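For reference, the chains in residue letters:
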Amino acid sequence: MCWLQSDHHQYSQFVAFRVGEILEETDVTECRWIGTKVNVADDGTKWKYKPDLKPASRWFNGPSFLWRPKIEWPESSLNGQETAEEIRSSNVGSLTQQELLKAEVFEIKRAQEEVYVDELAILAVGARLLQKKNSLFKVSPFLDKRGVMRIHSRLGECVFVDESNRYPIVLPREHPVTVLLIRDVHLRYHHHHETCVNEVRKGFHIPRVRRVYDRVRREYQLCKVIRIAPAPPMMAPLPKARMAAFVRPFSYVGVDFFGPFFVVVGRHHEKRWGVIITCLTVRAIHLELAASLNTTELFCSTGNSSRNQKRS
């Protein structure tokens, strides 16, 4: 009966369709609610003892009040009532700017009350300064008209910036609200680290904010990839030929080709390559000329180098 008397669109799909079918075929004023004791349909489902199934019972003849005049029927006691059973989960519309501001102020005040209990109590009674040993003594905090603790800054007389820029809000360093705030700024500014820190400082005073920001930054894989430095491989030891002492130059050499170069032979041009022979011990260099890149030319070039060294 509560479903029939209320807007059926707010209920689940199954209930809404069934209630809509009933309302299409009947009028809601024709429907009445009766209790279990006089409801014959409950005899088949809600009974403790065997129901009376005699031909003269109400199971076959209906409830007794139907045999009396209509004015003597039991009255419905559910007129105008609603129920939350099978209610459909509806999407809440977008919040207004004023509602978002109130929610932000509420969370900030709750964070301050959980950490700065003594400071808020001192400032609430009108004391201007805290004790010198207090961590907020140097920033001169005060309470605004909404009860939010802020600090004085040198932009207090500037009318072209917001109140949070002129008087930053104090937030505790280890509170979840502070972590959520920094995480939101970190994502909005696409992991630009110094920009994020400066943006947080524009409206909030967080002690040791860089340490809190570094902890938040370590949560994201993108920041880990950007920040990581490549690990250079371990250098292998030098070969024995590079460390050979008290030997003749070019006892151990490295050979490489460079070129080609075109030279004139008679009336045509031919290719020639240069052979660079480097001593692995003293880094001396010897140059030879090769007519091709085959192995024979390589042996001839190195042989010429050996003979030249013996002559010297």
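Here the structure is a predicted model, which is why all the values come from computation and not from measurement.

Peer 1: What should I look at first to understand a nonpolar patch on the surface in this one?
Peer 2: Residues Phe 258, Phe 261, Ile 285 and Leu 287 make up a contiguous nonpolar surface patch of about 400 Å² in total accessible area. At the level of elements, strand E5 (253-265) and strand E7 (285-290) are the ones that each hand at least two residues to the nonpolar patch. Mapping Ile 285 onto the fold places it in strand E7. Among the residues examined, Ile 285 registers a relative accessible area of 55% and is labelled exposed.

Peer 1: Please clarify how the packing of helix H7 (residues 176-188) against helix H9 (residues 209-217) should be interpreted in this entry.
Peer 2: The description of two packed helices rests on the angle between their axes and on the distance between the axes. The contact between H7 and H9 brings their axes to 10 Å, and the two run at 65 degrees. Taken as axis vectors, H7 and H9 run roughly perpendicular relative to one another. Between H7 and H9 lies a crossing of right-handed hand. Along its contact with H7, which presents Val 179, Ile 182, Arg 183 and His 186, the element H9 presents Val 209, Val 212, Tyr 213, Arg 215, Val 216 and Arg 217. Residues that form the contact of H7 with H9 fall into these classes: 6 nonpolar, 1 polar and 3 charged.

Peer 1: Please clarify how the environment of Thr 302 should be interpreted in this entry.
Peer 2: Note that Thr 302 resides in helix H11 (residues 295-311). In the structure, Thr 302 is positioned 15 residues away from Leu 287 in sequence and 9.8 Å away in space, judged by C-alpha atoms.

Peer 1: What should I look at first to understand the pairing of E5 in this one?
Peer 2: Note: E5 against strand E6 (residues 268-279), 11 bridges, orientation antiparallel. By the bridge assignment, Val 253 is partnered in E6 with Cys 279. In sequence, E5 turns back onto E6 through a hairpin of 2 residues, with Gly 266 there showing a positive phi of about 70 degrees.

Peer 1: Is there a simple way to think about the nonpolar core in this case?
Peer 2: For soluble globular proteins, nonpolar side chains are generally found buried alongside one another. Core analysis: the biggest nonpolar cluster contains 19 residues, and Ile 108, Ile 182, Val 200, Phe 204, Ile 206 and Val 209 have the highest contact counts within it. Tallying contributions element by element places H9 first for this core, with 4 residues.

Peer 1: Honestly, the packing of aromatic side chains in this entry has me stumped. Any pointers?
Peer 2: The relation between two aromatic rings is expressed through the spacing of the ring centres and the mutual angle of the planes. Under the definition given, this model contains 2 aromatic pairs. Ring geometry for Phe 142 against Tyr 167: centres 5.4 Å apart, planes inclined by 85 degrees, an arrangement best described as edge-to-face. Taken together, the residues Phe 142 in strand E1 (residues 141-143) and Tyr 167 in the loop between helix H6 (163-166) and strand E3 (169-170) connect sequence positions 25 residues apart. On the numbers, 5.8 Å between centres and 80 degrees between planes, the contact of Phe 258 with Phe 261 is edge-to-face.

Peer 1: It is not clear to me how the packing of H7 against helix H8 (residues 193-203) should be interpreted in this structure. Could you clarify?
Peer 2: Relative to each other, H7 and H8 sit at 135 degrees, their axes nearing to 9 Å. Taken as axis vectors, H7 and H8 run oblique relative to one another. The handedness of the crossing between H7 and H8 is right-handed. In contact with Ile 182, Val 185 and His 186 of H7, H8 contributes His 193, Cys 196, Glu 199 and Val 200. Looking at side-chain class alone, the contact of H7 with H8 contains 4 nonpolar, 2 polar and 1 charged residues.

Peer 1: I'm lost on H9 in this one. Help?
Peer 2: One turn of the α-helix equals 3.6 residues, which is why residues spaced by three or four share an orientation. Along H9, the positions that sit buried rather than exposed are Val 209, Val 212, Tyr 213, Val 216 and Arg 217. Along the long axis of H9, the arc covered by the buried residues comes to 135 degrees, so they all point the same way. Contact partners of the buried residues in H9: H7, H8 and helix H10 (221-227).

Peer 1: Honestly, the sheet that holds E6 in this entry has me stumped. Any pointers?
Peer 2: Picture the strands of a sheet paired through backbone hydrogen bonds; they go either parallel or antiparallel. In spatial order, the strands read E5-E6-E7; together these 3 strands make up an open sheet with antiparallel pairing. Taken across any chain shown, the strands that pair with only one partner, and hence form the sheet edges, are E5 and E7. Direction aside, the axes of adjacent strands within the sheet are offset by 25 degrees on average. Here E6 pairs with E7 via 6 bridges, running antiparallel.

Conventions used here
Residues numbered from 1 in each chain as written. Predicted model: local features only at pLDDT ≥ 70, side-chain atom pairs only at ≥ 80, totals over all residues. Heavy atoms only, no water. Patch = residues over 30% accessible without salt bridge, like charges linked within 9 Å, V, L, I, M, F, W, Y side chains within 5 Å. Areas by Shrake-Rupley, 256 points an atom, 1.4 Å probe, with all protein chains shown as cover. Salt bridge = Lys/Arg side-chain N within 4 Å of Asp/Glu carboxyl O. Helix = DSSP H or I, 4+ residues; strand = E, 2+ residues; numbered from the N terminus. Buried < 20%, exposed > 50% of the residue type's maximum accessible area, 1.4 Å probe, protein only. Axes fitted to C-alpha atoms, helices over the stretch in contact; angles between N-to-C directions. Parallel < 35°, antiparallel > 145°, perpendicular 65-115°, else oblique. Left-handed = near helix turned anticlockwise from the far one by under 90°. Contact = heavy atoms within 4.5 Å. Nonpolar A, V, L, I, M, F, W, Y, C, P; charged D, E, K, R; others polar. Pairing = 2+ DSSP bridges. Core = buried A, V, L, I, M, F, W, Y, C linked by side-chain atoms within 4.5 Å. Phe/Tyr/Trp six-rings, centres within 6.5 Å; stacked < 30°, edge-to-face > 60°. Arc of directions from axis to C-beta.

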